[in-house]
Amino acid sequence: MIRACLLILTLGGVLVNWRYQSPEWPVYQALVWTIFAIVIIRWTLNRFQVKWTWAFVPMLTIAVWPGVQLLLGATVYRNATILELLRWSTYAAVFALGFWLFRRRAENRRLRRVLIIYALLLAAVSTMQHFAGNGKVFWLFSTPPTQPADMGPILNRDHYAAFMALIIPMAMLGAFEDKRRRFTYVLAAAAMYASVIASLSRAGSLLATAEVLLCLFLFTIQSRDEQSFWRRHRLSLGSVFLL
């Protein structure tokens, strides 16, 4: 139940990302911290296991930095710094919850599948909005004049490309691991990569391209028999290069 709530909140948070200064965003933060508190309470009662990982360090560093600025009085705009502290603390909480709640292999596999399908749908809608949009999020919701909606609910093109870059390796991994759904995963990776190119984010396009090539290289060196690897996965590799 907690896993489903976290997943729904996280995916819903992406859809309202463009309204992070509106009433919806504080509600989202409050719900995330409520789930975090429930997990911690269950841990104190020995009903849930919480583990430390060094992967927390980057997120914690970013989340703590606004707090350090506030303590040292080194902020130019105090209210904006407070908002950033709350925002990045929420991101860190979501990251920790995701690590704790989806540690098992089966849970992790289901999570990756949901994220791939979600990103595929978002990429399809965002690409259509890019070429046939009216400057509104999902053709319905207005945004500030200085930030027209171009790629779905994520107003910043670089941020959109970064989000897709997180999911593309998952789809590529699925294409090599799951023979039954290989074409689905290849299609998802292709759609996400194409949407990054369409977003006109130069840094994002370079990052996604380098990421695809790096993933292919890593998949190759993981195989003991390189020639056998290329024979077994020539269809997947050809599809990835074709995109």
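About the cut-offs
Residues numbered from 1 in each chain as written. Predicted model: local features only at pLDDT ≥ 70, side-chain atom pairs only at ≥ 80, totals over all residues. Heavy atoms only, no water. Helix = DSSP H or I, 4+ residues; strand = E, 2+ residues; numbered from the N terminus. Buried < 20%, exposed > 50% of the residue type's maximum accessible area, 1.4 Å probe, protein only. Contact = heavy atoms within 4.5 Å. Areas by Shrake-Rupley, 256 points an atom, 1.4 Å probe, with all protein chains shown as cover. Salt bridge = Lys/Arg side-chain N within 4 Å of Asp/Glu carboxyl O.

## Description of the overall build of the protein chain
Moving on, step 1. A tally of helices and strands in the protein chain yields ten helices and zero strands.
Moving on, step 2. Counting helices and strands in the order they occur from the N terminus, the protein chain gives α-α-α-α-α-α-α-α-α-α.
Moving on, step 3. Evaluated residue by residue, the protein chain yields a buried proportion of 41% over its 243 residues.
Moving on, step 4. Contacts spanning at least 24 positions in sequence make up 66% of the contacts within the protein chain whose residues lie at least 6 apart.
Moving on, step 5. When the accessible surface of the protein chain is totalled, it reaches about 14700 Å², and 66% of it is carbon and sulfur.

## Structural notes on unusual backbone geometry
Moving on, step 1. Even without being glycine, Phe-138 reaches a positive phi, approximately 55°.
Moving on, step 2. Structurally, Phe-138 can be placed in the loop between helix 5 (105–132) and helix 6 (157–177).
Moving on, step 3. On the accessibility criterion, Phe-138 (24% relative accessible area) is partly exposed.

## A few points about the pattern of salt bridges
Moving on, step 1. Summed over all chains, the structure comprises two salt bridges.
Moving on, step 2. Salt-bridge contacts for Arg-3 lead to Glu-107; the nearest nitrogen and oxygen are separated by 3.2 Å. Of this pair, Arg-3 sits in helix 1 (residues 2–15) while Glu-107 sits in helix 5, and the two are 104 residues apart along the sequence.
Moving on, step 3. The salt bridge partner of Glu-84 is Arg-87, with a shortest N-O separation of 2.6 Å. One end of the pair, Glu-84, and the other, Arg-87, are both in helix 4 (residues 78–101), three residues apart, so they sit about a helical turn from each other.
Moving on, step 4. Residue classification places Arg-87 among the buried positions, given a relative accessible area of 19%.

None of this, on its own, says anything about what the molecule does.
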